[in-house]
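Chains, contacts and geometry: an overview
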Amino acid sequence: MKQILSILVENQSGVLSRISGLFSRRGYNIESLAVGITEDKTLSRMTIVIDGDSHTAEQVEKQLNKLIDVIKVRRIPQSDLIQRELILLKVHAGQNERPNIVNICEIMGAKIADITTTTMTIELSDTPERVELMVELLRPFSIREMVRTGMVALQTGGGTISGAKKPS
């Protein structure tokens, strides 16, 4: 089962390396990783997806909390999750294929980010399941290039991951 961890860390060089090193040393595989600055420029938020049971996620949480750069770790339950992923796809798009590709984009809520005489680049931000569906729908048009961001997630409701720093 997929476990989603939201990690608030110091926005400093080397933090990502230390966290990925922890995963590597412990033999945990990261399925998805997204990192970005938060509303406080001194902090970054990592969204890490791992494949494992609740016990595995608990062990990862404990190990992460031992790192000095980690301020807070929160596991987000699937039932309380808002998740999105961004994908850019470049597909072959001759004159005959374009109307079908445009139709798929309209149905899926995707944007056409670029167009040339032979290709179209499509952008979609949606749930991982809908992103995967988009890939399958565009596969017959010969995907030339594809890049995905990895999942970002927030817990539903009014709660937030605290920005309070760890006591020294």
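Up top you'll find the structure we're talking about.
Calculation notes
- Residues numbered from 1 in each chain as written.
- Predicted model: local features only at pLDDT ≥ 70, side-chain atom pairs only at ≥ 80, totals over all residues.
- Heavy atoms only, no water.
- Helix = DSSP H or I, 4+ residues; strand = E, 2+ residues; numbered from the N terminus.
- Contact = heavy atoms within 4.5 Å.
- Core = buried A, V, L, I, M, F, W, Y, C linked by side-chain atoms within 4.5 Å.
- Buried < 20%, exposed > 50% of the residue type's maximum accessible area, 1.4 Å probe, protein only.
- Salt bridge = Lys/Arg side-chain N within 4 Å of Asp/Glu carboxyl O.
- Pairing = 2+ DSSP bridges.
- Axes fitted to C-alpha atoms, helices over the stretch in contact; angles between N-to-C directions.
- Parallel < 35°, antiparallel > 145°, perpendicular 65-115°, else oblique.
- Left-handed = near helix turned anticlockwise from the far one by under 90°.
- Nonpolar A, V, L, I, M, F, W, Y, C, P; charged D, E, K, R; others polar.

What about the environment of isoleucine 101?
- Its place among the elements puts isoleucine 101 in helix H3 (residues 98–108).
- Expressed as a C-alpha distance, the spacing of isoleucine 101 and histidine 55, which sit 46 residues apart in the sequence, is 44 Å.
- Isoleucine 101 has contacts with Val91, His92, Ala93, Met120, Ile122, Leu138 and Phe141, leaving out every residue within four places of it along the chain.

Regarding the nonpolar core
- Among the nonpolar cores identified, the biggest contains 17 residues, and Val91, Ile101, Ile122, Leu124, Met134 and Leu138 are the most heavily contacted of them.
- For this core, the secondary structure elements donating two or more residues are strand S5 (81–92), H3, strand S7 (119–126) and helix H4 (128–138).
- Of all hydrophobic cores here, the second largest spans 16 residues; its members include Met46, Ile48, Ile50 and Leu64.

Observations regarding the pattern of salt bridges
- Tallying each qualifying case throughout the model produces nine salt bridges.
- For lysine 62, the salt bridge is made with glutamate 58, and the minimal N-O distance between the two is 3.4 Å. Taken together, the residues span about one helical turn, with lysine 62 and glutamate 58 both in helix H2 (residues 54–65) at a distance of four residues.
- The class of lysine 62 is partly exposed, set by a relative accessible area of 44%.
- Note that glutamate 136 and arginine 139 form a salt bridge whose closest N and O atoms lie 3.1 Å from each other.
- With a relative accessible area of 42%, glutamate 136 lands in the partly exposed category.
- On the accessibility criterion, arginine 139 (45% relative accessible area) is partly exposed.
- Shared partners join several salt bridges into a network, and the residues in it are Glu85, Glu132 and Arg148.

Some words on the sheet that holds strand S3 (residues 43–51)
- Reading across the sheet, the four strands line up as S2-S3-S1-S4 and stay open at both edges, with antiparallel pairing between neighbours. Across the chains shown, the open sheet's two edge strands, defined by having one partner strand only, are strand S2 (30–37) and strand S4 (70–76). For this sheet, the mean inter-axis angle between neighbouring strands, taken without regard to orientation, is 15°.
- Taken together, the nine bridges between strand S1 (residues 2–10) and S3 define a ladder with antiparallel strand orientation. Its bridge partner being in S3, leucine 8 is matched across the sheet by arginine 45.
- Its contacts with the sheet put helix H1 (residues 15–26) on S1, S2, S3 and S4, and the angle it makes with S3 is roughly 20°.
- Sheet strands in contact with H2 are S1, S3 and S4, and its direction is about 170° off that of S4.

So, the packing of H3 against H4
- One can describe the packing of H3 onto H4 by two numbers: an axis separation of 11 Å at closest approach and a directional angle of 165°. With respect to each other, H3 and H4 are oriented roughly antiparallel. For H3 against H4, the interelement crossing comes out right-handed. Judged by residue contacts, Ile101, Ile104, Cys105, Ile107 and Met108 of H3 engage Arg130, Leu133, Met134, Leu137 and Leu138 from H4.
- Per-class residue counts for the contact of H3 with H4 are nine nonpolar, no polar and one charged.

None of this, on its own, says anything about what the molecule does.
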